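# A closer look at the structure
Listed below, chain by chain, are the residues.
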Amino acid sequence: MDRKNFVAKLKIGYPYLRQPARVTFGRGSIKEIAKADDLQDTVFFVSARSEVRAAVDAAFQKQGVTLNVLRMLPKPPGEPSLETVDIGASFLGNQVPRRIVGIGGGSVMDWCRLAWAQQQGLLTVGSGSMARARDEARPRFWLVPTTCATGAEAAGVAVYSCGGRKVAAVSDAFVAEHAVLDSQFLERMPQKDVATSLADTLSHAIESYCSIVQNPLAKEAAVSALWLVLEHEPSTNPCRNDRLMEAGYLAGLAASHCSVGVVHAFAHTISRYGVSHAQANAIGLNAGIAVNAGAEALQTLARRVGLSGCQALVQALTPIMNRAITGRDHRRLVAVLADEQRLHEVIAEMKADVCLRTNPLPLNDNDLRGFLDRVVAAIGHA
Ligand SMILES: [Fe+2]
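Residues numbered from 1 in each chain as written. Predicted model: local features only at pLDDT ≥ 70, side-chain atom pairs only at ≥ 80, totals over all residues. Heavy atoms only, no water.

We now examine the side chain of Q184. Of note, Q184 is situated in helix α6 (residues 184–187). Polar side-chain contacts of Q184 include one of 3.2 Å to the side chain of R188. Those residues in contact with Q184 that sit more than four places away from it in its chain are R27, G28, I30 and A55. (Helix = DSSP H or I, 4+ residues; strand = E, 2+ residues; numbered from the N terminus. Polar contact = N/O pair within 3.5 Å; in protein donor to acceptor, adjacent residues only side chain to side chain. Contact = heavy atoms within 4.5 Å.)

Attention now moves to the environment of A267. On the secondary structure map, A267 appears in helix α10 (residues 262–270). In this structure, the C-alpha to C-alpha distance between A267 and I283, residues 16 residues apart in sequence, is 8.9 Å. Those residues in contact with A267, other than ones at most four positions away along the chain, are H277, A280 and N281.

Distances from the iron ion to its protein donors, D200 (OD), H204 (NE2), H264 (NE2) and H277 (NE2), fall within 2.2 Å. When the donor residues of the iron ion are listed from N- to C-terminus, their spacing reads D-x3-H-x59-H-x12-H. With D200 in helix α7 (residues 191–210) and H264 in helix α10, the pair connects residues that are 64 residues apart, well separated along the chain. Its relative accessible area of 3% is what places H264 among the buried residues. (Donors = N, O, S within 2.8 Å, 3.2 Å for Na, K, Ca; no water. Buried < 20%, exposed > 50% of the residue type's maximum accessible area, 1.4 Å probe, protein only.)

Right, let's get into empty space enclosed by the protein. This structure, assessed with the given rule, holds one cavity of 30 Å³ or more. The computed volume of the largest cavity comes to approximately 80 Å³. Contributing to the lining of the largest cavity are I206, E207, C210, V262, V263, L285, G288, I289, N292, L298, N359 and P360. Mapped onto the lining of the largest cavity, the elements with two or more residues apiece are α7, α10 and α11 (277–291). Partitioned by chemical class, the residues of the lining of the largest cavity number eight nonpolar, three polar and one charged. (1 Å grid on protein atoms, 1.4 Å probe; cavity = no way out; pocket = protein on both sides within 12 Å on 5 of 7 lines; lining within 4 Å. Points joined across faces, edges and corners; volume = space filled by probe spheres on them. Nonpolar A, V, L, I, M, F, W, Y, C, P; charged D, E, K, R; others polar.)

All chains considered together, the criterion is met by 21 salt bridges. Across the salt bridge formed by D172 and R18, the nearest N and O atoms sit 2.4 Å from each other. Note that D172 is positioned in the loop between β7 (165–170) and β8 (178–181) and R18 in the loop between α1 (3–10) and β1 (22–25), a separation of 154 residues in sequence. Taking relative accessible area as the criterion, D172 reaches 44% and is therefore assigned partly exposed. Residue R49 is joined to E51 by a salt bridge in which the shortest nitrogen-to-oxygen separation is 2.8 Å. A relative accessible area of 28% means that E51 is categorised as partly exposed. The structure contains a network of salt bridges with shared partners spanning D38, R99, R140 and E177. (Salt bridge = Lys/Arg side-chain N within 4 Å of Asp/Glu carboxyl O.)

To summarise the sheet geometry, strands pair through backbone hydrogen bonds and adopt either a parallel or an antiparallel arrangement. On the basis of which strands lie adjacent, the open sheet formed by six strands has the order β1-β8-β5-β4-β2-β3 and parallel pairing. Each of the sheet's edge strands pairs with one partner strand only, and the pair in question is β1 and β3 (71–74). Across the sheet, the mean angle from the axis of one strand to that of its neighbour is 15°, orientation sign disregarded. Direction of pairing for strand β2 (residues 42–46) relative to β3: parallel, over a ladder of four bridges. Bridge assignment links V43 to a residue of β3, and that residue is R71. Along the sheet, helix α5 (residues 106–119) contacts β2, β3, β4 (99–104) and β5 (140–145); its crossing angle with β4, the most-contacted strand, is approximately 155°. (Pairing = 2+ DSSP bridges. Axes fitted to C-alpha atoms, helices over the stretch in contact; angles between N-to-C directions.)

The subject of this paragraph is the packing of aromatic side chains. Counting across every chain of the model gives six aromatic pairs. An angle of 90° between the planes, with centres 5.6 Å apart, marks the rings of F45 and F91 as edge-to-face. Taken together, the residues span a long stretch of sequence, with F45 in strand β2 and F91 in helix α4 (residues 82–92) at a distance of 46 residues. We classify F45 as buried; its relative accessible area is 0%. (Phe/Tyr/Trp six-rings, centres within 6.5 Å; stacked < 30°, edge-to-face > 60°.)

Here it is as structure tokens:
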């Protein structure tokens, strides 16, 4: 489908916003998961990180719940894949629990929803297309992010890898009944990792606002997310981490309705070289702003958060991006981008990525080469 027809197709129907029915937020709010009255009919998909498990255990112990009555599956290593989705589906067995709780980063929240879809036979794994779920087969999803990165808790989409590429499954049934934003997880995280998480949030906010997909309500969420990060990231206020978790949620909400752009096309492409999604966004964000500097929406967004334009936006973001990418090992990516053959492959894959279709400006091979030149410069300075 060419760009003109793609845009025309996107305009069919009224815009809408689908979002979790309830969002609980604030430090310590994870205890909400232990208060529910249907714990016997709840299963938990949980990050394998020890600090996450410790926070979950503490929440239940405070409520006097004995942990051995809970059905809990720690996430296997890596991003969701067909293998880990099948592990989750087997864990669910033949029954549909009333409630499925996912606690962790975006990969855990995606994994628990995909595991249910697979258990129900709803997912066509090659394409990611989802059959409609019967109402009685739909569990209530409760999602508890432990980073301020993906915003997956706000989205009706779950991503997994299949045959070396990323596949997105979209379903109304994936939209959480309840999202819980507990900032205590950020307190235990090194600031370098907080900065890396924020790169994904910032990329969602900026790319969704500038996307060609028109959804004014979702774009307002993007403006708020960007403002929250710019205002609170440098602060030492005790509420700082609360605001960053809220920014992650709002940016995820915007991205799930408006899609994203070239920075995400880049992140999806280089994931095969071991670069995490958030780290790739940190590496590519300023390059993405530079190649889209001519887009009116980007200038408008900068002004709406009190900045004079794109250059001022880059300046405001640079301390966060530098913290995220400095001191990391970029040698593998540098080697890939220095090899002319593999550089061509990266450009070809970026062009094939669905996110490039919603970038505010159409980008050709030369534009993408310019983007990658800026990437090389950014990691060269790191
Ligand atoms: Fe992202």
